[in-house]
Every structure is written in structure tokens, then in C-alpha cells.
Amino acid sequence: MASQQKNVGILAMEIYFPPTCIQQEVLEVHDEVSKGKYTIGLGQDCMAFCTEVEDVISMSLTAVTSLLQKYKIDPKQIGRLEVGSETVIDKSKSIKTFLMQVFEESGNTDIEGVDSTNACYGGTAALLNCVNWVESNSWDGRYGLVVCTDSAVYAKGPARPTGGAAAIAMLIGPDAPIAFESKFRASHMSHAYDFYKPNLASEYPVVDGKLSQTCYLMALDSCYKRFCHKYEKLEGKQFSVADGDYFVFHSPYNKLVQKSFARLLFNDYLRNASFIDAAAKEKLAPFSTLTGDESYQSRDLEKATQQAAKPLYDVKVQPTTLIPKQVGNMYTASLYAALASLLHNKHNSLAGQRVVMFSYGSGLTATIFSFHLRDGQHPFSLSNIVSVMNVDKKLKSRHEFPPEKFVETMKLMEHRYGAKDFVTSKDCSLLAPGTYYLTEVDSMYRRFYAKKAVGAMTENRSLANGH
Ligand code: ACO
């Protein structure tokens with residue numbers, strides 16, 4: 001049944017990532033790996049991380065309050081708040097309930113939604129929930145708000161350079177500039193032990209790195225085939241990468257994004273898509289008889305598809321890679337940070353374009369869906385979203401840590417994870433005005449935050465339970 005609401009999707013966005021980061025080439029030297037392993041091998045430039053005064057709650061408080069303030073949204077206008085995160089701070093109390101402090105202040109406690117968790121997919125689950133709500137009979141006319149917030153940290157070893165941290169807040173409603181094409185959606189969900197967090201005493205995941213890459217690509221193939229099938233059934237014509245103007249992927253690290261787009265091209269080749277030219281056909285022909293399993297293991301196929309896909313990758317994917325390459329894997333926020341990069345790079349020429357999104361969460365859950373972009377009306381316009389996010393300024397005002405200080409921070413965070421009865425340094429000198437930070441975890445594990453004052457004359461303000 002068609003929805004009563006038209007063009008439901010993302011009206012507004014705000015992104016926050018910690019100002020503390022480490023350059024990947026500096027980390028290569030420190031980790032004594034070969035030069036280029038992280039920068040070319042993984043395709044990453046820099047990695048953001050939380051220090052002891054930041055966590056997924058402080059980052060999401062910052063993103064949410066900044067979005068409400070910059071778009072002049074009265075907190076009473078929010079009717080649903082959904083959070084996607086895989087960073088466990090509490091096994092029962094949702095991150096959403098921490099964020100309720102922002103809304104309680106204005107007397108609004110009538111807000112549906114809790115947290116969604118499945119590795120990097122929770123943000124997409126939250127987004128689909130909110131969009132479904134606005135499109136449903138239960139919608140009460142207020143906005144939905146989706147928050148993706150994660151701190152991705154790995155134990156010392158090959159996965160460590162694939163960390164990152166960020167929070168993204170997205171306002172959901174009808175007549176959106178980033179509108180869902182709701183009928184074109186396809187998922188693939190199954191059971192796998194590729195990346196999981198069974199040890200509740202540690203923030204670090206258990207990772208089978210190679211398996212996680214194969215699972216990601218298998219899920220992509222499966223979603224893409226179903227997506228194409230749905231499109232063809234509804235539109236009566238074939239779908240291929242030629243029908244999407246931009247392709248946005250969950251980005252654990254950029255090399256996997258390059259491989260993923262190449263994989264879509266290989267799918268199109270196997271389906272005889274008309275846009276594949278003779279030169280690409282010649283390159284890919286030797287691989288046409290590989291079984292599915294063989295194709296995931298073939299390094300030659302990977303090389304050939306990446307070469308054949310490169311010109312299209314530069315146009316349809318490269319503009320989406322800025323923030324993921326600079327900040328790292330932001331887990332649930334990664335896909336939406338890639339979308340934010342596209343808006344940042346191309347906002348003047350995006351109206352009327354189709355953006356195809358691939359969301360992946362280990363374990364595993366995956367969905368492909370698409371957006372139809374429109375200019376929108378101020379303040380909910382593509383250009384205003386770009387100026388509110390102010391990505392350039394946020395990237396330029398970061399502070400690079402030397403590797404020793406990064407490792408020391410990771411050690412302190414390991415020690416603090418799940419701990420109680422401590423106060424932080426409360427050092428917010430590196431944070432921008434308006435940023436929330438952690439001040440204390442008391443003897444009952446209750447967490448307290450303060451906001452760095454915006455003007456020189458105002459005091460830093462504490463949040464939570466009268467502190
Ligand atoms: N110069 C250029 N490239 C290099 C160099 C060098 N000096 N050294 C290595 N490389 C290349 C390798 O050839 C390889 O490239 P390829 O993938 O094109 O073959 C790449 O760098 C990675 O090196 P590997 O030795 O294959 O892998 P490594 O042991 O470093 O681990 C991995 C990489 C598996 C991604 C690891 O970082 C990891 O486990 N990360 C976390 C899991 C993850 O992100 N999975 C993705 C999906 S699940 C999720 O989103 C969490």
C-alpha cells in the first residue's frame with residue numbers, strides 16, 4: 001500500500017567526531033609494518049578516537065543538541081528517537097534514555113523508540129524504523145530522530161588501524177531532500193562469526209578479519225541481486241550500476257569499498273548489463289565460470305574488477321570517501337558519514353540524483369536501499385545540511401596525537417571500560433565549545449557529563465541528576 005506521506009527521508013543531519021586523531025602513516029612507522037600498508041593497503045588516511053573525556057553518550061549528546069539548535073527544532077517536535085550503536089556501555093539502559101535528558105528539559109517525555117544493536121547495522125535499523133513510523137498510520141505528525149554513535153577500537157594488531165569514532169544525528173520526516181525510494185529495498189541476513197563481542201569485560205571485538213571481508217562481499221552480492229530483481233519487477237527494466245548516480249558503502253576501511261564497487265560491476269557483467277564495454281568484458285571474461293566461493297578467493301578477479309571499475313569508481317564512489325578515510329570506521333555512523341561526504345563534495349549538483357546505499361553489520365545483517373535527492377526548502381535543503389555539518393572546519397581543527405600518546409590513551413580506556421568510581425581529568429581544552437564530555441562515573445556506575453561552555457562568560461554546565 002502506498003504511504004500517505006511523500007518523500008519521507010532525511011531532512012537534516014549533524015555529524016560529530018572527536019578532535020583527537022592519529023595519522024595512519026605515523027601509525028605504520030610505530031607499528032613497524034611496511035610503508036603503505038595502512039594508507040594504500042587499507043586506503044586510510046587518519047583515525048579519530050575518543051580520549052577519556054569522550055564516549056558514545058557524550059558524542060551523541062553533542063550531535064543531537066547541535067542539530068536541534070542549528071535547525072531551530074523545538075525538542076517538543078520530536079516524536080520518535082532511535083539510536084543505533086554497538087558500543088556497549090550498559091546491558092540494559094539504552095543510550096536513548098541518556099539522550100532523553102535533552103527532551104525532558106522541555107517537558108517532552110512522549111518519545112517512542114530505543115536502541116538497535118547489530119554491529120555496524122544498528123543505525124540502518126534505527127533509520128528504517130523511523131522512516132516506517134513516519135510512513136505508517138501511527139505517525140503523529142512530529143519528527144523522527146535517528147542517532148548513530150560508536151567508538152570503534154581494536155586490540156593491538158592488524159585490526160587496530162581500522163578503528164574510528166563518531167556520532168551522527170538525522171532528522172526524519174516527509175518532503176525530505178534525501179528521500180527514500182522505499183519500494184527498492186533488499187536485505188540479506190544470516191548467522192556468521194565474522195566479528196562479534198562475546199567478552200563483555202572488553203570493548204574489543206573478536207574478529208576473523210578475512211572471514212569478515214568475505215561475509216561483507218557475499219552479503220553485498222546477495223542484496224544487490226535482490227535489489228536488481230525488485231527494481232526489474234517494479235520498473236520493467238534492468239538495473240545496473242549505470243542506474244545509480246552514486247554508491248555509498250559501509251566503510252570499515254577504504255580498500256573494501258573499492259573492492260565492493262568492483263564486485264557490483266562483476267555482478268552486472270554476469271547479468272549482461274548493456275553498459276559494460278568491450279574492454280571490460282575482455283578483462284572479466286576469464287572469470288565468468290568461477291563458482292561463487294572461488295570468486296571470493298580469486299586475487300586475479302579482484303584486480304581485474306578493480307581495474308575495470310576504476311573510471312566509474314572515481315565518479316560514483318570517490319566523492320563518498322572523504323570522512324571515512326579521515327576518521328576511520330565509525331561502525332553504525334560509517335555509512336552515513338560516507339553519505340555526508342557525498343553531500344559535502346557534491347551538494348550543488350545532487351538534485352534529481354539516485355544514491356544507492358549498502359549497509360553491513362557483522363554477524364550478519366545487510367540491506368541495500370536507495371535515496372532520491374532533491375534540493376529541499378530551507379532549512380531542510382542539501383546546501384544547508386552541508387553548511388551545518390561544516391565538515392572542512394571540523395577536519396581542519398583536529399589535534400594529531402603522536403603514537404605513544406595514542407597507545408597510552410587506548411590503555412587508559414581499556415582500564416576504564418566497565419569501571420566505576422572515578423572522575424576524569426575533565427580536560428576539555430581540545431574540544432570545541434558546545435561539546436559534551438564525561439566528568440565522572442560514580443560508585444553506582446552512574447555517568448555524568450558536562451557541556452563545554454559556548455561563550456567565554458558562561459560556566460561549563462553539568463548534566464544529569466543534579467550534579
Ligand atoms: N603497501 C601497500 N599495500 C599493502 C602493503 C604495503 N606496504 N602491505 C600490505 N598491503 C595490502 C595487502 O596486500 C592487502 O591488500 P588486499 O586486500 O588488496 O590484498 C591489505 O594491505 C591488507 O593487508 P593484509 O595483510 O591482507 O591484512 P591485515 O592482516 O593487515 O588485516 C584486516 C586487514 C583483515 C582488514 C584487519 O585490519 C581487520 O581485521 N580489521 C577489522 C575487521 C574489518 O574491518 N572487517 C570488515 C567488515 S566487518 C566491519 O565492518 C567491522
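Residues numbered from 1 in each chain as written. Predicted model: local features only at pLDDT ≥ 70, side-chain atom pairs only at ≥ 80, totals over all residues. Heavy atoms only, no water.

(A) Representation of the site of the ligand in the model. Lining the immediate surroundings of the ligand are 26 residues, of which Lys210, Ser212, Lys255, Lys259 and Arg299 lie closest. The side chain of His250 places a nitrogen or oxygen atom 2.9 Å from an oxygen atom of the ligand. Of all elements in the fold, only helix H2 (37–41), helix H6 (209–235) and helix H7 (254–270) reach the threshold of two or more residues within the shell around the ligand. (Near = heavy atom within 4 Å. Polar contact = N/O pair within 3.5 Å; in protein donor to acceptor, adjacent residues only side chain to side chain. Helix = DSSP H or I, 4+ residues; strand = E, 2+ residues; numbered from the N terminus.)

(B) Structural view of helix H4 (residues 95–104). Counted residue by residue, H4 has eight buried out of ten residues, so it is predominantly covered. By the burial criterion, the buried members of H4 are Ile95, Lys96, Phe98, Leu99, Met100, Gln101, Val102 and Phe103. (Buried < 20%, exposed > 50% of the residue type's maximum accessible area, 1.4 Å probe, protein only.)

(C) Spotlight on the nonpolar core. Counting residues in hydrophobic clusters, the biggest one holds 93 residues, and the most contacted among them are Met13 and Phe371. Residues in contact with Phe371, not counting those within four places in the same chain, are Ile10, Leu127, Ile178, Ala179, Phe180, Glu181, Leu339, Gln353, Arg354, Val355 and Met357. Of all hydrophobic cores here, the second largest spans 55 residues; its members include Cys215, Val241, Phe247 and Leu264. (Core = buried A, V, L, I, M, F, W, Y, C linked by side-chain atoms within 4.5 Å. Contact = heavy atoms within 4.5 Å.)

(D) Spatial organisation of the pairing of strand E13 (residues 365–373). Most of E13 sits out of view: eight of its nine residues are buried. The pairing of strand E8 (residues 178–189) with E13 spans eight bridges and is classified as antiparallel. When the bridges of E13 are listed, Arg185 appears paired with Phe369. For strand E12 (residues 354–361) and E13, the ladder comprises eight bridges, and the chain directions are antiparallel. Directly across from Ser359, in E13, lies its bridge partner Thr367. The antiparallel pairing of E12 with E13 creates a hairpin that spans three residues between the two strands, and Gly363 there sits at a positive phi of about 120 degrees. (Pairing = 2+ DSSP bridges.)

(E) The packing of helix H12 (residues 334–346) against helix H13 (residues 382–389), seen in detail. Relative orientation of the contacting elements H12 and H13 amounts to 110 degrees, with a least axis distance of 9 Å. Judged by the inter-axis angle, H12 sits roughly perpendicular to H13. Residues Ala340, Leu343 and His344 of H12 lie in contact with H13, whose contacting residues are Leu382, Ile385, Val386 and Met389. Residue composition of the contact of H12 with H13, by class: six nonpolar, one polar and no charged. (Axes fitted to C-alpha atoms, helices over the stretch in contact; angles between N-to-C directions. Parallel < 35°, antiparallel > 145°, perpendicular 65-115°, else oblique. Nonpolar A, V, L, I, M, F, W, Y, C, P; charged D, E, K, R; others polar.)

(F) Expanded view of empty space enclosed by the protein. Inspection of the entire model under this criterion finds six cavities of 30 Å³ or more. Taken as a whole, the largest cavity holds about 90 Å³ of empty space. For the largest cavity, the full set of lining residues is Leu217, Lys259, Ala262, Arg263, Ser295, Tyr296, Ser298, Leu301, Glu302, Thr305 and Gln306. Of all elements in the fold, only H7, helix H9 (292–297) and helix H10 (299–316) reach the threshold of two or more residues within the lining of the largest cavity. Ranked by residues supplied to the lining of the largest cavity, first place goes to H10 with four residues. Each residue belonging to the lining of the largest cavity can be placed in one class, and the counts come to four nonpolar, four polar and three charged. Taken as a whole, the second largest cavity spans an internal volume of roughly 70 Å³. Lining the second largest cavity are 14 residues; nearest its centre among them are Met47, Ala152, Val153, Gly163 and Met410. Secondary structure elements with two or more residues in the lining of the second largest cavity: strand E3 (46–48), strand E6 (143–152), strand E7 (164–173) and helix H15 (403–416). For the lining of the second largest cavity, a count of residues per class yields ten nonpolar, three polar and one charged. (1 Å grid on protein atoms, 1.4 Å probe; cavity = no way out; pocket = protein on both sides within 12 Å on 5 of 7 lines; lining within 4 Å. Points joined across faces, edges and corners; volume = space filled by probe spheres on them.)

(G) Structural view of the pairing of E12. Counting buried positions along E12 gives eight out of eight residues, so the element sits mostly inside the fold. What you see with E12 is no split at all: Arg354, Val356, Phe358 and Tyr360 on one side and Val355, Met357, Ser359 and Gly361 on the other are buried throughout.

(H) Geometry of the pattern of salt bridges. Enumeration over the complete set of coordinates arrives at 19 salt bridges. Note that Asp110 is salt-bridged to Arg142, the shortest N-O span being 3.3 Å. Of this pair, Asp110 sits in the loop between H4 and strand E5 (115–116) while Arg142 sits in the loop between helix H5 (122–135) and E6; the two residues are 32 residues apart in sequence, bridging distant segments of the chain. The shortest N-O distance in the salt bridge between Glu181 and Arg354 comes to 2.8 Å. Taken as a pair, Glu181 in strand E8 and Arg354 in strand E12 lie far apart in primary sequence, 173 residues in all. Across this residue pair, the class does not change: Glu181 and Arg354 are buried. Among the charged side chains, a salt-bridge network with shared partners connects Glu14, Lys70 and Lys394. (Salt bridge = Lys/Arg side-chain N within 4 Å of Asp/Glu carboxyl O.)

(I) H12, seen in detail. A rise of 1.5 Å per residue sets the reference length of H12, with its 13 residues, at 18 Å; its end C-alpha atoms lie 18 Å apart and thus fit the reference within 8%. Burial analysis of H12 places eleven of its 13 residues in the buried class, the great majority of the element. Within the sequence span of H12, burial applies to Ser334, Leu335, Tyr336, Ala337, Ala338, Leu339, Ala340, Ser341, Leu342, Leu343 and His344. (Expected span 1.5 Å × (residues − 1).)

(J) Unusual backbone geometry, seen in detail. Cis geometry is found at the peptide bond from Gly363 to Leu364, where omega equals 10 degrees. Structurally, Leu364 is set in the loop between E12 and E13. His378 connects to Pro379 through a cis peptide bond whose omega is 5 degrees.

(K) Seen up close, the sheet that holds strand E16 (residues 399–400). The strand order across the open sheet built from three strands is E3-E2-E16, with neighbouring strands paired in mixed fashion. Each edge of the open sheet is held by one strand with a lone partner, namely E3 and E16. By the bridge criterion, three bridges tie strand E2 (residues 20–23) to E3 in an arrangement that is antiparallel. Residue Ile22 lies in a different strand from E3, and its bridge partner there is Met47. Its contacts with the sheet place helix H1 (residues 24–31) against E2 and E3, and it is angled at close to 65 degrees to E2.

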